[in-house]
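Chain by chain, the residues run as shown.
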Amino acid sequence: MSKKNEVLLEIHDLQIQGYSEERWVDIIKGVDLTLHKGEVMGLIGESGAGKSTIGAAAMGYARDGTRISGGSIEFDGMELSTATEEEKRALRGSRIAYVAQSAAASFNPAHKIIDQHTEAPIQYRIQKRLEAQEDAMQLYEKLRLPNPEEIGFRYPHQVSGGQLQRAMTAMAMACRPDLIIFDEPTTALDVTTQIEVLAAIRDIVDEYNTAAIYITHDLAVVAQMADTIKVLLKGEEVEQAPTEEMLKNPKEDYTKSLWAVRSFKRDQKSRPKGAEPLVSVQNVDAAYTGGDKVLDDVSFDIYEGMTVAVVGESGSGKSTVARCITGLLPPMKGQIQFKGETLPPNYRDRTKDQLRQAQMIYQMADTALNPKVQIREIIGRPAQFYGGLKGAALKNRVDELLDLIELEPSQFYYRYPPELSGGQKQRIGIARALAAEPSFIICDEVTSALDQLVAEGILRLLDRLQQELNLSYMFITHDLATVRSIADEVVVMQHGKVVEQGPKEDMFTPPHHPYTDLLLSSVPEMDPNWLTTLLEERGVDNVGDAASQQIDTDDPKVST
Amino acid sequence: MSIFVIGYYALLLGASCLAAYFNKRSLFMLLFTLTLVSFIIGIVGGVSALWFVTGAAALILLAGMTAYGFREFLVQILPGEASKEFKTAPLTAAFGMFVIFTYLVMGIFAPLIAPHGEAEVIASAFAPADDTMLLGADQLGRDIFSRIVYGTRNSVGLALAATVLAFLLGAIAGLLAATKGGWFDQLMGRIADVIMSIPSLIFALLMLSIFGPSIPVIIGAVAVIYAPRVFRLTRAVAGNVVVMDYIEAAKLRGEGTWYLIRKEILPNSTAPLVAEFGLEFCFVFLLVAGLSFLGLGIQPPTADWGSMVRENATLISFGDITPLIPAAAIALLTVAVNFVVDWMLHRSSGLKE
């Protein structure tokens, strides 16, 4: 690899401070980074490790409320930490480009995609408008966007998330920069869509020999993309090594713990013989006001003490099923049974006891806990509301619940949710559900907003609680790794229909329904050659949206 | 050239040199610009203009010192959390709080402070100021200073009552509309639209001519005029809160509407509402003063700032500034309230989690 000997970006002893509570606090504590031309470096670490901050600093940019307090950032012979704003502006967009996590939030919804694409080349007088448009279409084609001639003339909301992320990558390539910073570009996407974006990014970076910094918290993804991996923890470097070596023998304990996260697994339980299901969803159709049918004849059962995982990509109706069960969205047809008796379709008509039995844990703990209410009241309210507990009895119950979720009661009793970390908030959410003493809990993507280490802790906690309290879970997720570790039974959904269901072991052994197969094979693996192999097997045009549309309707498993 | 002029320029130049030496850039720019401007003012307006500049600077300095002192005082006497908040308050906010505090004292202890009764005729009409009358007498020979003190009680009290009522009506309707949605929301929204489509002063005049200008009618009419604005703001703020997952969780728990509003929605929408309260208070105050000026507000002989301006308006043509004093009292309170509101707005939109 002779192309990689020239140094493009050299960061030396970088220190960044953030302003909080009237003091400057160190965020990045002396990180070195060397990036050669054409090299892709993966930055990984949990949230708060300073990945994105370093990514921004590579452009000489410090976000609001932060400042670069020391060290040097040298980009192609130019010192960025002392450069004037004018000089840095000239680099950004033309020689350094940035691809953000949420393409939907980063495109201006009022302008056509191609107008936003051509803005940089025209601004820097690299190309004329028409040339730039031609070039954009070529890039769209290279990134395998459908209708490359036409797609640029749509508005951002008219294309899908995965396509938008690729359009954003194309936009970053518009001036053929030397360096692109990818800040979690696929985190918000489904597994099936993620592959398309990953493959497209990898090809285009290879083709133009662009150097890239790839920021993510997903190891399996970074293994596909990066030549070297740097692991960060709390603003400090843990270790750095070429990808293959890093995956095979990580040196530091922290890295090993990251690698080991996916090892949590528990024994699969089977349905109790002859018992009636705890929750039974029967032939449910549902639609939001005035819209098309979102659920089409959905049926499945959940037995006592078991975990049923509902998987599918976004828009498949997973969360809508949960809304039907809780009664927020009364179904058009069909019914929900609980312990053999039919529940009223609207939650307003249900009794207090029926409401108590089914609780919910939300994906975003930030919005699921009232920020202006103390922890003791958040957890205490259900106990007070359903159980009528007061005074000392209530305090004992709250202490007991905090103990149950492995948080020290005296420390958390009087605190407010914004003061807690993501994992702690999610635990409070679990405690609130438990406070009602339910027999059934709906977990809606409870781990997808969390780092892997924290997520694993939550999964272990949920598993322990299930064993101790004999709870049933309905686990909504798009992450098949989570399904592997915690589920007993799996329900696969697509376009509002249940395409396949059964015990977990059956689901993970072939033959699958083609859609299940697509989902399973789209989950990135730790093997750095996984993406290459997969693309060879399936062909570059048979991934993501394209593949799910190509599912053969004559397949015997489809018609069943 | 008088000693005053020499001293004036010497002081300014000396201070700007010191500022430059200690690298206080903005202070230096201010002082030196003032020096340069003073040259022009001095040439055009003579010594008296320079005296005016000195007086204004001294007044601003005095206000600043009062504000600083008042803030330190609050920091000292208040307990932990609150004192921390006040430590970061800007001087303008401290000044605003000081003015509001003074008005409060004036309003509450009016009979003790005022040397004469508000309707007591003690001198001839338009008698000039002397030892017993700080600001002279009005058109009937009543002490203007005493009337201003009593006016604090009446004008501010009336405006406060009207604002509180407007907030109660508007906020409760807004919170209910956001929580219930559907036809109730539509109904409330349309009622608010109808009230807002009528010009406020004309609506108030209409109400007062129908029911007669008594205090409950004034409060009621003003509250009805301002409630729709509060309603719209509350509904918008609460609308952002009701879509949160924790509201859904509370609904699924089976909580009633009243609990939802009180415990879940209200704590998350207080900051903009408090700020809006301050702003609305100013508008209400001005409307009440305007009504008094038109003769439909508080009826004589009760002292009220708006009507005091009207009654003494003729004095303006004789070059007497007496009618401007109640007007200045209105202006000062409005500015002060706005200073405090600005600070609260900044705090609620600030970087605080």
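Residues numbered from 1 in each chain as written. Chains lettered and ligands numbered in written order. Predicted model: local features only at pLDDT ≥ 70, side-chain atom pairs only at ≥ 80, totals over all residues. Heavy atoms only, no water.

Some points on the overall build of chain A
Consideration 1: Along the backbone of chain A there are 24 helices and 20 strands.
Consideration 2: Overall, chain A is about 70 × 60 × 45 Å in size when its C-alpha atoms are taken along their principal axes.
Consideration 3: Taking all 560 residues of chain A together, the buried fraction comes to 54%.
Consideration 4: Long-range pairs, those at least 24 residues apart, make up 70% of the contacts in chain A between residues at least 6 apart in sequence.
Consideration 5: Just so you have it, chain A exposes about 24400 Å², and 47% of that area is on carbon and sulfur atoms.
Consideration 6: Here chain A contributes 59 positive and 84 negative side-chain charges, whose respective centroids are spaced 5 Å apart. (Helix = DSSP H or I, 4+ residues; strand = E, 2+ residues; numbered from the N terminus. Buried < 20%, exposed > 50% of the residue type's maximum accessible area, 1.4 Å probe, protein only. Contact = heavy atoms within 4.5 Å. Areas by Shrake-Rupley, 256 points an atom, 1.4 Å probe, with all protein chains shown as cover. Lys, Arg positive; Asp, Glu negative; His and termini not counted. Charge placed at Lys NZ, Arg CZ, Asp CG, Glu CD.)

Some details on the overall build of chain B
Consideration 1: For chain B, the helix and strand inventory stands at 14 helices and 0 strands.
Consideration 2: Across its three principal directions, the C-alpha atoms of chain B cover 80 × 60 × 40 Å.
Consideration 3: The buried share of chain B, reckoned over its 353 residues, is 41%.
Consideration 4: Of the roughly 18600 Å² of accessible surface on chain B, 74% is carried by carbon and sulfur atoms.
Consideration 5: When the 20 positive and 22 negative side-chain charges of chain B are each reduced to one mean point, those points stand 8 Å apart.

Concerning the layout of surface pockets
Residue and element names in this part refer to chain A.
Consideration 1: If you add up the space inside the second largest pocket, you get close to 690 Å³.
Consideration 2: Lining the second largest pocket are 21 residues, and of these R92, G93, I96, A120 and Y124 sit closest to its centre.
Consideration 3: For the lining of the second largest pocket, the secondary structure elements donating two or more residues are α2 (85–91), β6 (96–99), α4 (113–123) and α6 (161–173).
Consideration 4: In the lining of the second largest pocket, the residues fall into 13 nonpolar, 4 polar and 4 charged. (1 Å grid on protein atoms, 1.4 Å probe; cavity = no way out; pocket = protein on both sides within 12 Å on 5 of 7 lines; lining within 4 Å. Points joined across faces, edges and corners; volume = space filled by probe spheres on them. Nonpolar A, V, L, I, M, F, W, Y, C, P; charged D, E, K, R; others polar.)

Section: the domain arrangement of chain A
Residues and elements named next belong to chain A.
Consideration 1: You can read the domains of chain A as domain 1 (8–259) and domain 2 (305–326 + 348–523).
Consideration 2: In this structure, domain 1 and domain 2 have C-alpha centres spaced 33 Å apart.
Consideration 3: Taken together, the contact between domain 1 and domain 2 spans 12 residues of the former and 11 residues of the latter.
Consideration 4: Taken together, the two surfaces of domain 1 and domain 2 that pack against each other cover about 1100 Å², and 52% of this comes from carbon and sulfur.
Consideration 5: Of all residues in domain 1, D190, V191 and T192 give up the largest surface area on contact with domain 2, accounting jointly for 48% of the area buried on that side.
Consideration 6: Linking domain 1 with domain 2 are 0 salt bridges.
Consideration 7: One can count 0 residue pairs in polar contact (both at pLDDT 80 or more) joining domain 1 with domain 2.
Consideration 8: At the level of elements, α7 (191–207) and α10 (253–260) are the ones that each hand at least two residues to the side of domain 1 that touches domain 2.
Consideration 9: Looking at the side of domain 1 that touches domain 2 residue by residue, the classes come out as 5 nonpolar, 4 polar and 3 charged. (Domains from an automatic or database assignment. Buried area = accessible area lost by both parts, 1.4 Å probe. Salt bridge = Lys/Arg side-chain N within 4 Å of Asp/Glu carboxyl O. Polar contact = N/O pair within 3.5 Å; in protein donor to acceptor, adjacent residues only side chain to side chain.)

Let's talk about helix α5 (residues 129–142) of chain A
Residue and element names in this part refer to chain A.
Consideration 1: With 14 residues, α5 extends 20 Å from end C-alpha to end C-alpha; this agrees with the ideal 20 Å at 1.5 Å per step.
Consideration 2: Residues of α5 that are buried: A132, Q133, D135, A136, M137, L139 and Y140.
Consideration 3: On the buried face of α5, the contacting elements are α4, α6 and α7.
Consideration 4: R144, located one to two residues past α5, shows a positive phi value of around 60 degrees. (Expected span 1.5 Å × (residues − 1).)

A closer look at the side chain of S280(A)
Consideration 1: Positionally, S280(A) belongs in strand β11 (residues 279–287).
Consideration 2: Among the polar contacts made by the side chain of S280(A), one reaches the side chain of D301(A) at a distance of 3.0 Å.

Description of the sheet that holds strand β13 (residues 307–311) of chain A
All names here are of chain A.
Consideration 1: In space, the 6 strands of this open sheet follow the order β16-β17-β18-β13-β19-β20, with mixed pairing throughout. The open sheet has two edge strands, β16 (358–361) and β20 (497–503), and neither has a second partner. Averaged over all adjacent pairs, the angle separating strand axes in this sheet is 15 degrees, with direction ignored.
Consideration 2: Here β13 runs beside strand β19 (residues 489–494); their pairing, made up of 4 bridges, is parallel. Counted as the bridge partner of V311 is V492 from β19.
Consideration 3: Set on the sheet, helix α17 (residues 422–435) makes contact with β16 and β17 (440–444); between it and β16 the angle comes to about 175 degrees. (Pairing = 2+ DSSP bridges. Axes fitted to C-alpha atoms, helices over the stretch in contact; angles between N-to-C directions.)

Things to note about empty space enclosed by the protein
Consideration 1: In total, this model carries 5 cavities of 30 Å³ or more according to the counting rule given.
Consideration 2: What the largest cavity holds in volume is close to 170 Å³.
Consideration 3: Those elements giving two or more residues to the lining of the largest cavity turn out to be α11 (318–326), α12 (352–357), β16 and α17 of chain A together with α10 (245–253) of chain B.

Side note on the interface of chain A and chain B
Consideration 1: Contact with chain A, which involves 23 residues of that partner, is made by 17 residues of chain B.
Consideration 2: Summed over both partners, the interface of chain A with chain B comes to about 1800 Å²; 54% of that surface belongs to carbon and sulfur atoms.
Consideration 3: One can count 3 salt bridges joining chain A with chain B.
Consideration 4: Across the salt bridge formed by E255(B) and R381(A), the nearest N and O atoms sit 2.6 Å from each other.
Consideration 5: Along the contact surface separating chain A from chain B lie 11 residue pairs in polar contact (both at pLDDT 80 or more).
Consideration 6: Listing elements by their share of the side of chain A that touches chain B, those giving two or more residues are α11, α13 (365–368) and α14 (375–387) of chain A.
Consideration 7: Considering every element that reaches the side of chain A that touches chain B, the biggest residue donor is α14(A), with 5 residues.

Some words on the environment of D193(B)
Consideration 1: For D193(B), the location among the structural elements is in helix α7 (residues 182–196).
Consideration 2: Between the alpha carbons of D193(B) and N268(B) there is a distance of 26 Å; along the sequence they are 75 residues apart.

Quick notes on helix α21 (residues 514–521) of chain A
Consideration 1: Across the 8 residues that make up α21(A), a large majority, 6, are buried.
Consideration 2: Here α21(A) has its buried residues at P514(A), Y515(A), T516(A), L518(A), L519(A) and L520(A).

Section: the packing of helix α6 (residues 144–180) of chain B against helix α12 (residues 270–293) of chain B
Residue and element names in this part refer to chain B.
Consideration 1: Two elements in contact, α6 and α12, have axes separated by 9 Å at closest approach and are oriented at 130 degrees. Classified by the interaxial angle, the pair formed by α6 and α12 is oblique. Two packed elements cross with a definite hand, and for α6 against α12 that hand is right-handed. Only L273, E276, F277, E280, F281, V284, F285 and V288 of α12 make contact with α6, whose side of the interface consists of S155, V156, L158, A159, L160, A162, T163, V164 and F167.
Consideration 2: A per-class count over the contact of α6 with α12 returns 13 nonpolar, 2 polar and 2 charged. (Parallel < 35°, antiparallel > 145°, perpendicular 65-115°, else oblique. Left-handed = near helix turned anticlockwise from the far one by under 90°.)

Some words on the packing of helix α2 (residues 25–77) of chain B against helix α4 (residues 91–108) of chain B
All names here are of chain B.
Consideration 1: Direction vectors running N to C along α2 and α4 enclose 85 degrees, while the axes themselves pass 8 Å from each other. In terms of orientation, α2 and α4 fall into the roughly perpendicular class. Judged by residue contacts, A63, G64, T66, A67, Y68, F70, R71 and L74 of α2 engage L91, A94, F95, M97, F98 and F101 from α4.
Consideration 2: Split into classes, the residues belonging to the contact of α2 with α4 amount to 11 nonpolar, 2 polar and 1 charged.

What about the pattern of salt bridges?
If the charged atoms of two oppositely charged side chains come close together, the side chains can form a pair.
Residue and element names in this part refer to chain A.
Consideration 1: This structure, assessed with the given rule, holds 35 salt bridges over all chains.
Consideration 2: Among the ionic pairs, R415 bridges to E419, the shortest N-O distance being 3.3 Å.
Consideration 3: What makes E419 partly exposed here is its relative accessible area of 45%.
Consideration 4: Each of the salt bridges in this network shares a partner with another, and the network as a whole consists of D285, K293, D296, K333 and K497.

Section: the packing of aromatic side chains
Consideration 1: The tally for this structure, following the rule as stated, stands at 19 aromatic pairs over all chains.
Consideration 2: Pairing F70(B) with F98(B) gives two aromatic rings, centres 5.3 Å apart and planes at 70 degrees, and the pair type is edge-to-face. One end of the pair, F70(B), is in helix α2; the other, F98(B), is in helix α4, and 28 residues separate them in sequence.
Consideration 3: Residue F70(B) is classed as buried on the basis of its relative accessible area, which comes to 9%.
Consideration 4: Ring centres of F285(B) and W305(B) lie 5.9 Å apart, and the angle between their planes is 65 degrees; this geometry places the pair in the edge-to-face category. Taken together, the positions of F285(B) in helix α12 and W305(B) in helix α13 (residues 305–311) put the pair 20 residues apart, joining distant regions of the chain.
Consideration 5: On the basis of relative accessible area, F285(B) is assigned to the buried category, the value being 4%.
Consideration 6: Of the aromatic side chains, those joined through ring pairs into one cluster are F4(B), Y8(B), Y9(B), F39(B) and W51(B).
Consideration 7: We note R176(A) situated over the ring of Y208(A); from NZ or CZ to the ring centre the distance is 4.6 Å. (Phe/Tyr/Trp six-rings, centres within 6.5 Å; stacked < 30°, edge-to-face > 60°. Lys NZ or Arg CZ within 6 Å of the ring centre and 35° of its normal.)

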